[in-house]
Amino acid sequence: MSNSISSNRPGGGIKWRWPSIHPEGRKFALIAGIVTLCFWLLGWEIAGWLMAGVTAWVCAFFRDPVRVTPTGADLIIAPADGLVTQIAEVAPPPEIAGADGLGNAPMLRVSIFMSVFDVHINRTPVAGTLRKLAYIPGKFVNADLDKASEENERQHFVVERADGVRIGFTQIAGLVARRILPFVSMGNELSTGQRVGLIRFGSRVDVYLPAGTTPQVLLGQRTLAGETVVARIGTAEILDGVGQ
């Protein structure tokens, strides 16, 4: 369920709250908590403290914070929390290329790397119909490497907007990640920023931009899934930035 929030309402405000734990992570948090309790009951204090830290980390890893998604007909929103590590012109993946996918012409790809400390709930960058959902088994090399987009376990999405523009994005497993979980199915109608899946324990998400569109993020910039504007469709303005 989405909430409408006005950012410029006079006198308005919002309170901070603890993020909830996604249901997919609750069983892991419960297991870690039970092991921690057992260690304490056995008097193994050092192990108990270590497991308490692990339990806290598991809860943090599966946190599912509320995000406020900007609205705009031309906006492409970040599908993942993380660091923009690559912006490159590449051919679309063969699984989502062709006339019924993203076409065959090279397009700009923005890669967002998620560390084990980032939120791992992924969201759709645009609203529309999910036309393709393709899972590819593979390796688990470092997700920050370029070859990870072709060799690692991955899951491709193609969302077609109401105007016919198609946006592709891909979840890629990494060194530690061992499971990609989808929350949606082919043919689903998605809203911008809707949760579409998660990758367990460190990974990467690629976004493929349509022709005539350049990124509105920079290498080294951090993004928030469902909030950061990655690009504006049809906007070719190139941004410059300064690290400081």
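All of the points below concern the structure found in this document. Just so it is clear, the structure is predicted and the values come from calculations on it, not from any experiment. (Residues numbered from 1 in each chain as written. Predicted model: local features only at pLDDT ≥ 70, side-chain atom pairs only at ≥ 80, totals over all residues. Heavy atoms only, no water.)

This next bit is on the pairing of strand E5 (residues 107-114). For E5, a buried count of six out of eight residues is recorded, marking the element as mostly surrounded by other parts of the structure. Here seven bridges tie strand E4 (residues 82-90) to E5, and the two strands are oriented antiparallel to one another. In the strand pairing of E5, Ala88 is matched with Arg109. As paired strands, E5 and strand E13 (residues 203-208) are joined by six bridges and run antiparallel to one another. Pairing of Met114 across the sheet is with Ser203, part of E13. (Buried < 20%, exposed > 50% of the residue type's maximum accessible area, 1.4 Å probe, protein only. Helix = DSSP H or I, 4+ residues; strand = E, 2+ residues; numbered from the N terminus. Pairing = 2+ DSSP bridges.)

Let us look at the nonpolar core. If you look at the biggest cluster of nonpolar residues, it comprises 26 residues, and the most contacted ones within it are Ile76, Leu209 and Val230. Of all the secondary-structure elements, those providing two or more residues to this core are E5, strand E8 (154-160), strand E9 (166-173), strand E12 (195-199), E13 and strand E15 (229-232). In this structure Leu209 touches Ile76, Met107, Leu108, Val110, Thr214, Pro215, Val230 and Ala231, once residues within four positions along its chain are discounted. (Core = buried A, V, L, I, M, F, W, Y, C linked by side-chain atoms within 4.5 Å. Contact = heavy atoms within 4.5 Å.)

The next subject is the sheet that holds E12. Spatially, the three strands line up as an open sheet ordered E6-E12-E10, and their pairing is antiparallel. Each edge of the sheet is formed by a strand with only one pairing partner; in this case those strands are strand E6 (121-123) and strand E10 (180-182). Sheet twist, expressed as the mean angle between neighbouring strand axes with direction ignored, is 25 degrees. With three bridges joining them, E6 and E12 adopt antiparallel strand pairing. Looking at the pairing, Asn122 lines up with Gly197 of E12. (Axes fitted to C-alpha atoms, helices over the stretch in contact; angles between N-to-C directions.)

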